Amino acid sequence: MRTPLALTALLGTAIAVTAALPHAHAAQPPAEPGPKTVVSVTGDAANGFEITYYDGSGEYPPTDSEAMAECGEYDTRVDRVRCRAEVRTWYRDLATLRDALDWAHATRG
């Protein structure tokens with residue numbers, strides 16, 4: 001005959017195993033991303049980037065030298081410095097996003 005302690009342990013084990021099993025709702029396909037979800041970034045700051053979105057559209061930002069030249073057209077020094085900082089940040093982040101997307105696509109198999 002089983003003791004109450006053994007029954008409690010058996011019940012606890014059964015609950016733990018059931019909780020660890022995948023649930024039916026976990027097998028559903030992921031929701032489709034929004035149309036403006038970035039799916040690819042190619043290129044570099046010196047030669048220009050290409051940003052491709054889930055809906056197939058794309059953007060082609062100017063090269064970093066073109067963007068920096070446009071910053072020189074601002075009237076005040078503060079505006080020129082702010083613009084240059086934004087350009088450096090934008091191109092740094094594009095390169096980081098490009099590398100992250102490349103890594104994510106490579107690890108999918």
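Attention here is on the structure that accompanies the text. (Residues numbered from 1 in each chain as written. Predicted model: local features only at pLDDT ≥ 70, side-chain atom pairs only at ≥ 80, totals over all residues. Heavy atoms only, no water.)

1. Considerations on the sheet that holds strand 2 (residues 48–53)
- Overall, antiparallel pairing links the three strands, which are arranged 1-2-3 in an open sheet. Single-partner strands in this sheet number two, and they are strand 1 (38–44) and strand 3 (58–59).
- Here strand 2 pairs with strand 3 via two bridges, running antiparallel. Pairing of I51 across the sheet is with E59, part of strand 3.
- Contacting strand 1 and strand 2, helix 3 (residues 77–107) crosses the sheet at an angle of about 120° to strand 1. (Pairing = 2+ DSSP bridges. Helix = DSSP H or I, 4+ residues; strand = E, 2+ residues; numbered from the N terminus. Contact = heavy atoms within 4.5 Å. Axes fitted to C-alpha atoms, helices over the stretch in contact; angles between N-to-C directions.)

2. What about the state of the cysteines?
- Across all of its chains, the model carries one disulfide by this definition.
- Disulfide pairing places C71 opposite C83 at an S-S distance of 1.9 Å. The S-S bond linking C71 to C83 shows a torsion near -70°; that makes this disulfide left-handed. Of this pair, C71 sits in helix 2 (residues 64–71) while C83 sits in helix 3, placing them twelve residues apart in sequence. (Disulfide = S-S within 2.5 Å.)

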